[in-house]
Amino acid sequence: MNVKRIFLPVILIGILILSSCGNAELKKDADTTADAMCRSIGAANELRKANPMDTANVIILQANLKKVTTEMTILNEEFKQKYGKKAQDASFNKKFAQLLRKAMLNCPNLSKEDKEQFEKEVNE
């Protein structure tokens, strides 16, 4: 009888530990993606503000935006490979989107309106 009483709690604790490890990894991936997205927004904002007559600066800013865009593409491909079919699951995507929105709140490049929208979506 003691084995049965100990066995169930051990299994439940094991499941919680395994699921929380997955959540930590997913949060890390959301933070990494949010960082790249934030840098992309910043690079696009800088390019938009740049004087179009300053071609040297525009070329540098375009290269920076392309670099961040390429990084985001690589992150997306790695995410697809890492999570495979799991990434097609609606509840998984909802959880990732929630973590991503929360991470994006730390982005200094968000407009006031975008930040308010992310805050609203995180609190839903």
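It should be emphasised that the depicted structure is a prediction, and the values quoted were computed from it without experimental measurement.

### Observations concerning the packing of helix α3 (residues 90–104) against helix α4 (residues 112–122)
Reasoning step 1: Put simply, α3 and α4 touch, their axes get as near as 9 Å, and they point 140 degrees apart. The angle between the axes of α3 and α4 places the two elements in the oblique class. The way α3 lies across α4 gives a crossing that is left-handed. Listed contacts from α4 to Gln98, Arg101, Lys102 and Met104 of α3 are Phe118, Glu121 and Val122.
Reasoning step 2: Of the residues contributing to the contact of α3 with α4, the split by class is three nonpolar, one polar and three charged.

### Quick look at the confidence of the model for the protein
Reasoning step 1: In this model, the protein carries a mean pLDDT of 83, and residues with pLDDT of at least 70 account for 82%.
Reasoning step 2: No element of the protein has a lower mean pLDDT than helix α1 (residues 2–49), at 72, and none a higher one than helix α2 (residues 55–83), at 94.

### Side note on the packing of aromatic side chains
Reasoning step 1: For the structure shown, the criterion picks out four aromatic pairs.
Reasoning step 2: Here Phe79 and Phe96 contribute two aromatic rings whose centre-to-centre distance is 4.6 Å and whose plane-to-plane angle is 40 degrees, an arrangement assigned as tilted. One end of the pair, Phe79, is in helix α2; the other, Phe96, is in helix α3, with 17 residues separating them in the sequence. Each member of the pair, Phe79 as well as Phe96, carries the same accessibility label: buried.
Reasoning step 3: Here Tyr83 and Phe92 contribute two aromatic rings whose centre-to-centre distance is 5.0 Å and whose plane-to-plane angle is 45 degrees, an arrangement assigned as tilted. Here the two residues Tyr83 and Phe92 agree in accessibility, since each one is buried.
Reasoning step 4: Linked through ring pairs, Phe79, Tyr83, Phe92 and Phe96 together constitute an aromatic cluster.

Parameters at a glance
- Residues numbered from 1 in each chain as written.
- Predicted model: local features only at pLDDT ≥ 70, side-chain atom pairs only at ≥ 80, totals over all residues.
- Heavy atoms only, no water.
- Axes fitted to C-alpha atoms, helices over the stretch in contact; angles between N-to-C directions.
- Helix = DSSP H or I, 4+ residues; strand = E, 2+ residues; numbered from the N terminus.
- Parallel < 35°, antiparallel > 145°, perpendicular 65-115°, else oblique.
- Left-handed = near helix turned anticlockwise from the far one by under 90°.
- Contact = heavy atoms within 4.5 Å.
- Nonpolar A, V, L, I, M, F, W, Y, C, P; charged D, E, K, R; others polar.
- pLDDT = per-residue confidence, 0-100.
- Phe/Tyr/Trp six-rings, centres within 6.5 Å; stacked < 30°, edge-to-face > 60°.
- Buried < 20%, exposed > 50% of the residue type's maximum accessible area, 1.4 Å probe, protein only.

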